[in-house]
Amino acid sequence: MDVGIDKIGFYVPKDYIDIVELAKARDIDPDKFTIGIGQDKQAVPQPYQDAVTLAASSADSILSADDKKDIGLLIVGTESSVDESKSTAAFLVDLLDLPEDIRSFEIKQACFGATAGLQSAYDFVSLNPGKKALVIASDIARYGIKTPGEVTQGAGSVAMLISESPRVLKLEHKSVYMTRNVGDFWRPTFSKVAFARGKFSNEVYVDFFTTLWDRYQAKYDVTADDFSTMLFHIPYTKMGTKALRTLEGKVSDEKYAELMANYQDSVKFSREVGNLYTGSLYLGLLSYLVNAAKANENLLLFSYGSGAVGEIYSGEIQPGFEKVIDKTSLETMLEQRQKISISDYEKMYEVEYHDGTIVDPAGVDAKFYLSEIKENERIYKKNN
Ligand code: HMG
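Residues numbered from 1 in each chain as written. Predicted model: local features only at pLDDT ≥ 70, side-chain atom pairs only at ≥ 80, totals over all residues. Heavy atoms only, no water.

(A) Quick peek at the overall build of the protein chain. Counting secondary structure elements, the protein chain contains 13 helices and 16 strands. Relative to its length of 384 residues, the protein chain is compact, with a C-alpha radius of gyration of 20 Å against a globular reference of 21 Å. Taken over 384 residues, the protein chain has a buried fraction of 57%. Once local pairs closer than 6 in sequence are excluded, the contacts in the protein chain between residues at least 24 apart make up 75%. Distance between charge centroids for the protein chain: 1 Å, based on 43 positive and 57 negative side chains. (Helix = DSSP H or I, 4+ residues; strand = E, 2+ residues; numbered from the N terminus. Rg over C-alpha atoms; globule rule 2.2 N^0.38 Å. Buried < 20%, exposed > 50% of the residue type's maximum accessible area, 1.4 Å probe, protein only. Contact = heavy atoms within 4.5 Å. Lys, Arg positive; Asp, Glu negative; His and termini not counted. Charge placed at Lys NZ, Arg CZ, Asp CG, Glu CD.)

(B) Highlighting the pairing of strand 8 (residues 169-179). One ladder, built from 2 bridges, connects strand 1 (residues 3-11) with strand 8; its direction is antiparallel. Each residue of the ladder has a partner; that of G4, found in strand 8, is K170. Sheet analysis places strand 8 next to strand 13 (residues 309-317), joined by 8 bridges and oriented antiparallel. If you follow L171 over to strand 13, its bridge partner there is G315. (Pairing = 2+ DSSP bridges.)

(C) Unusual backbone geometry, seen in detail. With an omega dihedral of 5 degrees, the bond running from G307 to A308 counts as a cis peptide bond. Relative to the helices and strands, A308 is located in the loop between strand 12 (298-305) and strand 13. Backbone geometry at A110 places phi at a positive 45 degrees, although glycine is not the residue there. The phi angle at S165 is positive, at roughly 45 degrees, despite the residue not being glycine. Inspection of the secondary structure puts S165 in the loop between strand 7 (154-164) and strand 8.

(D) Region of interest: the packing of helix 7 (residues 198-220) against helix 8 (residues 237-245). Taken N-terminus to C-terminus, the directions of helix 7 and helix 8 make an angle of 45 degrees; their axes are 9 Å apart at the nearest point. With respect to helix 8, the axis of helix 7 lies oblique. As for the relative orientation of helix 7 and helix 8, their crossing is right-handed in sense. Between helix 7 and helix 8, the contacting residues are N202, Y205, V206 and F209 on the first element and M239, G240, K242 and A243 on the second. (Axes fitted to C-alpha atoms, helices over the stretch in contact; angles between N-to-C directions. Parallel < 35°, antiparallel > 145°, perpendicular 65-115°, else oblique. Left-handed = near helix turned anticlockwise from the far one by under 90°.)

(E) Inspection of the site of the ligand at higher detail. Among the 29 residues in the neighbourhood of the ligand, the closest are listed as E79, C111, P148, K238 and K242. Between an oxygen atom of the ligand and a side-chain N or O atom of N275, the distance comes to 3.2 Å. One of the backbone nitrogen or oxygen atoms of S306 is found 2.8 Å away from an oxygen atom of the ligand. For the ligand, whose unbound accessible area comes to 1,100 Å², protein coverage reaches 77%. Breaking the shell around the ligand down by element, the ones donating at least two residues are helix 2 (30-37), helix 7, helix 8 and strand 12. (Near = heavy atom within 4 Å. Polar contact = N/O pair within 3.5 Å; in protein donor to acceptor, adjacent residues only side chain to side chain. Areas by Shrake-Rupley, 256 points an atom, 1.4 Å probe, with all protein chains shown as cover.)

(F) Local environment of helix 2. What helix 2 keeps buried is the set F33, T34 and I37. One side of helix 2 holds all its buried residues, which, seen down the axis, span an arc of 120 degrees. Taken together, the buried residues of helix 2 touch helix 1 (19-25), helix 8 and helix 10 (268-273). For helix 2, the N-terminal cap is D29; the gap from its side-chain oxygen to the backbone nitrogen of D31 is 3.0 Å. (Arc of directions from axis to C-beta.)

(G) The pattern of salt bridges, seen in detail. Scanning all chains against the criterion turns up 21 salt bridges. D6 is paired through a salt bridge with R167; the nearest N and O atoms lie 2.9 Å apart. Of this pair, D6 sits in strand 1 while R167 sits in the loop between strand 7 and strand 8, placing them 161 residues apart in sequence. Of the residues examined, D6 reaches a relative accessible area of 4% and is grouped as buried. For K327, the salt bridge goes to E331, with nearest N and O atoms at 3.9 Å. (Salt bridge = Lys/Arg side-chain N within 4 Å of Asp/Glu carboxyl O.)

(H) Looking closely at the UniProt feature "domain: Hydroxymethylglutaryl-coenzyme A synthase N-terminal" (unreviewed entry) in the protein chain. This chain's UniProt record puts "domain: Hydroxymethylglutaryl-coenzyme A synthase N-terminal" (unreviewed entry) on residues 2-163. Taken end to end, residues 2-163 has its terminal C-alpha atoms 8 Å apart, with 33% of it in helix and 30% in strand. (UniProt positions renumbered as here; feature names shortened; annotations may be inferred.)

(I) Seen up close, the UniProt feature "domain: Hydroxymethylglutaryl-coenzyme A synthase C-terminal" (unreviewed entry) in the protein chain. Annotation from UniProt places "domain: Hydroxymethylglutaryl-coenzyme A synthase C-terminal" (unreviewed entry) at residues 262-350. Helix makes up 46% of residues 262-350 and strand 21%. Its end C-alpha atoms lie 38 Å apart.

(J) Local environment of the nonpolar core. In this structure, I8, F10 and I162 are the most contacted members of the largest nonpolar core, which totals 48 residues. Residue contributions to this core peak at 8 residues, all from helix 11 (residues 280-291). (Core = buried A, V, L, I, M, F, W, Y, C linked by side-chain atoms within 4.5 Å.)

(K) Layout of the sheet that holds strand 2 (residues 15-18). With mixed pairing, the 3 strands of this open sheet are ordered in space as 3-2-14. Since the sheet does not close on itself, it has two edges, and those belong to strand 3 (41-44) and strand 14 (338-339), each with one partner. One ladder, built from 2 bridges, connects strand 2 with strand 14; its direction is parallel. Looking across to strand 14, one finds that Y16 is bridged to K339. Helix 13 (residues 342-350) rests against strand 2 and strand 3 of the sheet, and its axis sits at about 130 degrees to strand 2.

(L) Representation of a nonpolar patch on the surface. The grouping of W186, F190 and F195 at the surface amounts to a nonpolar patch, some 340 Å² of accessible area in total. Tracing the chain through its elements places W186 in strand 9 (residues 185-186). (Patch = residues over 30% accessible without salt bridge, like charges linked within 9 Å, V, L, I, M, F, W, Y side chains within 5 Å.)

What follows is the structure, given as structure tokens:
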């Protein structure tokens, strides 16, 4: 049975900051941010948005009433969870009007969470013919004002519906994975911001890619010539370039040029949004599908989550995939955002909601939002 991604959707908050303005505010040469890091804009969520509302928004953009009846599994990958006990997934059952007979939970392993969800969904759909699984990656990437990581923040979510006879990407069921206990990036439960050993994290990322790529080639007797495109976890768009550069001189010049060119198409959306943490690889997939993909292309996907877990797997783009992707709405969503000033971003960053907060719906510019915190319980609402 063929199993894979049948639908894929994305949501980004309506506000963003301009990376050149951020560089100037931090007294840094803008070229460092636009060329050295490779970002143009950074999504900024409203205080009434969190992993739950972002997840609801991307899922809502792809689900039909018929899909909802068939979903038997809901997994949310996130490292921005709002509760240490209740999963982000449980909140979504109401917000998305999903039926009760669903197994739902949250997965955390830094930016690897959604890939863990996707592979579990593959198993679930393979064992339960006719059933579908909804996998959502939802995160707010935060490092703190004036830290080296600030330029690599971002927010948003990607939702994927996994089914048999998928219309977007057939998963090949070929993968290699690895785990090492590494201190490259972490966020303790007391902290709203992540801590990173930045340059070390880059090295670990590249080491995971080269190790897994060697193992993948040996295990399945393939080379780079078997793939037209390699997609990467994209914490910032220069990062995948660093991994791809390890192939220079090891593959033909033509293949290297093709992989580099296709990588640029896969990072177009990320340049506009920033790090989605666990959604970043899948935003790269969506960007590639919208901007360059062709039917029957073989893709190699590298997933990396600090801490650290990595996986390389592959998939084949399905004929007619473009009919399932709402290219116009995605591009409109990105274009119709509003730029906010660096000082407004800094003020918004400081806002923290506590018990007793009631959000005025008149000030909400999103379909799903945090409406209230009552007895320390977060209550969400949907605008129709
Ligand atoms: P930094 O120390 O500010 O920057 O931190 P840098 O000095 O390394 O410079 C960055 C690049 O800009 C360099 O290029 C410079 O040469 C270049 P590179 O050598 O890397 O190719 N540069 C310039 N280019 C043009 N014009 C100029 C100029 N000046 C310098 N004038 C760092 C950068 C990414 C480390 C920092 O932003 C950071 O700590 N980010 C957070 C950590 C991170 O994103 N790590 C990525 C790997 S780990 C991962 O992917 C997992 C993660 O997503 C978390 C999870 O799994 O949940 C993060």
